[in-house]
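Chain by chain, the residues:
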Amino acid sequence: MSKVKNLAISLSKKNVFLRKIIRGTHNFLKRIQYKIVTIGTKIDDKAIMFACFNGKSYSCSPKAIYQYMLSSEKYKEYKYIWAFRNPEEYNELESNKNTILVKIHSKQYKKYLAKAKYWIFNYKIPDYIYPKKNQVFIQCWHGTPLKRLGCDLEHFDNVLNTMKGIKKRYKIEASKFSCFISPSKFASEKFISAWNLKEIGKEDIIVEEGYPRNDFLFNYTKKDEENIKKKLGIENDNRKIILYAPTYRSDQHQTGVGYTYKEELDFAKLQKEIGDKYIILFRPHYFIANVFDFEKYKGFVYNVSDIDDINELYIISDILITDYSSVFFDFANLKRPIIFYMYDLEHYRDKSNGFYIDLNELPGKIVKTQQEVENEILRLEKEFKYDNKYREFNNKYNYLDDGNASKRVVAKIIDKRR
């Protein structure tokens, strides 16, 4: 079966027309299969299906909403279904008697999906799955967008998708939404345009109440910090912590070779210059993590690509280094230093999807060389201030984040339907 699948993918890369036929046939057959599996399934008004990043993790706004509901007696009669790629890794969630784990895309998953009144996801779902008329699909998404999305794309470079195809799929996805969670007026405007919600009469589905995923950044405790440091094995290390979270680049893949990583940060030099004061938590895409030699920098660079919830890394980090990843929007809630290492700014800007914001708004300095990174780390150690520029950034993008977004979102989406 895998050989057939690989052949289909290979052929579809070479021929747009053939790609449409293969994808259309696949979705049609899957749609029929889904209907057969879920025949006769009745909707349970107190059942909620959760999933993050297509079942890859337990994190983000679905996690925050789930934990809030668990904490309130008001929702003690609800049934919570979590879909994971590897559900056995999350068995501790079943300590709550109302929580059920299923393997995503399995027969059991599809049956619960057809049964759950509410779907709370932070990512797109397969084209062949549609909610029933009385089901509520809550799209949380997974961050304030820096890079253009969907119908806002001006150019797109992907061998498996054309620009027209991407926009069509976003429109199909938008037709399924009942609610779309937003952290700000800015984000609401971009979500409406990216999914073309106005054209289909759905701009009023936006729930602009802050990001549930960021509640933890206002409510975490000292014990939470201690637990994550213990998990990483750095509980006895008194050095400061730098979180390095670059975005994934599609050109880090070579045909016949696989995923590669060019060290744009010289970790050996960095260790020599600041290793006595800092350690680095490196969070690359998991494909890159699999080819990076962490053993080479043992005791200085730590692999945190497998930590589900990046919030855990935010709260223990003194500095964030990133580039075009939207992680900085969330991290800015902590009012801590951010360095933007954009060594390939011109290339990325011209070849990528394009940006929604003026980079002059960023709450930190843009640097382009190794030496500038080192200099900025040392400067921030002495001179960092939460200045007016940083304050204006939070006032524009994070003004609704206050630790209570989950409560407001649940009240607006679920309570009013009870």
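No experiment lies behind these values; they were computed from the predicted model shown.

Enquirer: What am I meant to see in the sheet that holds strand β8 (residues 240-245) here?
Expert: The strands that make up a sheet pair up through hydrogen bonds in the backbone, lying either parallel or antiparallel. One open sheet holds the six strands; their spatial order is β12-β11-β8-β13-β14-β15, and the pairing between them is parallel. Each edge of the sheet is formed by a strand with only one pairing partner; in this case those strands are β12 (301-303) and β15 (365-367). On average, each strand axis in the sheet is inclined to that of its neighbour by 25°, with strand direction left out of account.

Enquirer: Mind showing me how you'd approach the packing of aromatic side chains here?
Expert: Each aromatic ring pair is described using two quantities: the centre-to-centre distance and the angle formed by the ring planes. According to the stated counting rule, one finds 47 aromatic pairs in the structure shown. Taking 6.2 Å as the distance between ring centres and 20° as the angle between the ring planes, the aromatic pair formed by Trp119 and Phe121 counts as stacked. With respect to class, Trp119 is no different from Phe121; both count as buried. By the ring-pair criterion, three or more aromatic residues cluster together here, those being Trp119, Phe121, Phe137, Trp141, Tyr170, Phe177, Phe180, Phe191 and Trp195. Cation over ring: Lys176 sits above Tyr130, and NZ or CZ is 4.6 Å from the ring centre. When the ring centre of Tyr211 is taken as origin, the NZ or CZ atom of Arg213, which lies over that ring, is 5.6 Å away.

Enquirer: Looking at this structure, I do not really get the environment of Tyr399. What am I missing?
Expert: Relative to the helices and strands, Tyr399 resides in the loop between α15 (388-397) and α16 (405-413). With relative accessibility at 38%, the residue Tyr399 sits in the partly exposed group. Separated by 214 residues in sequence, Tyr399 and Lys185 have C-alpha atoms that sit 9.7 Å apart. Filtering out sequence-adjacent residues up to four positions away, Tyr399 remains in contact with Ser184, Lys185, Glu208 and Asn394. Of the polar contacts made by the side chain of Tyr399, one reaches the backbone nitrogen of Lys185; its length is 2.9 Å.

Enquirer: It is not clear to me how the pattern of salt bridges should be interpreted in this structure. Could you clarify?
Expert: Where charged atoms from two side chains of opposite charge come close, those side chains can pair. With the rule as written, the count across this model stands at 18 salt bridges. A salt bridge links Glu312 to Lys231; its shortest N-O distance comes to 3.1 Å. Here Glu312, found in helix α11 (residues 311-316), pairs with Lys231, found in helix α8 (residues 222-232); they are 81 residues apart in sequence, far enough to count as distant. Residue Arg379 pairs with Glu383 through a salt bridge whose shortest N-O separation is 3.3 Å. Taken as a pair, Arg379 and Glu383 lie in helix α14 (residues 370-383) at a separation of four residues, close to a single helical turn. Judged by relative accessible area, Arg379 falls into the partly exposed class, the value being 32%.

Enquirer: Help me understand the pairing of strand β1 (residues 44-51) in this model?
Expert: Every other side chain in a regular strand lies on the same face of the sheet, so the side chains alternate between the two faces. Bridging between β1 and strand β4 (residues 116-121) involves five bridges; their strand directions are parallel. Across the sheet, the residue bridging to Ala51 is Phe121, located in β4. Pairing analysis gives four bridges linking β1 to strand β2 (residues 79-84), with the strands arranged parallel. Among the inter-strand pairings, Met49 is bridged to a residue of β2, identified as Ile81.

Rules used throughout
Residues numbered from 1 in each chain as written. Predicted model: local features only at pLDDT ≥ 70, side-chain atom pairs only at ≥ 80, totals over all residues. Heavy atoms only, no water. Pairing = 2+ DSSP bridges. Helix = DSSP H or I, 4+ residues; strand = E, 2+ residues; numbered from the N terminus. Axes fitted to C-alpha atoms, helices over the stretch in contact; angles between N-to-C directions. Phe/Tyr/Trp six-rings, centres within 6.5 Å; stacked < 30°, edge-to-face > 60°. Buried < 20%, exposed > 50% of the residue type's maximum accessible area, 1.4 Å probe, protein only. Lys NZ or Arg CZ within 6 Å of the ring centre and 35° of its normal. Contact = heavy atoms within 4.5 Å. Polar contact = N/O pair within 3.5 Å; in protein donor to acceptor, adjacent residues only side chain to side chain. Salt bridge = Lys/Arg side-chain N within 4 Å of Asp/Glu carboxyl O.

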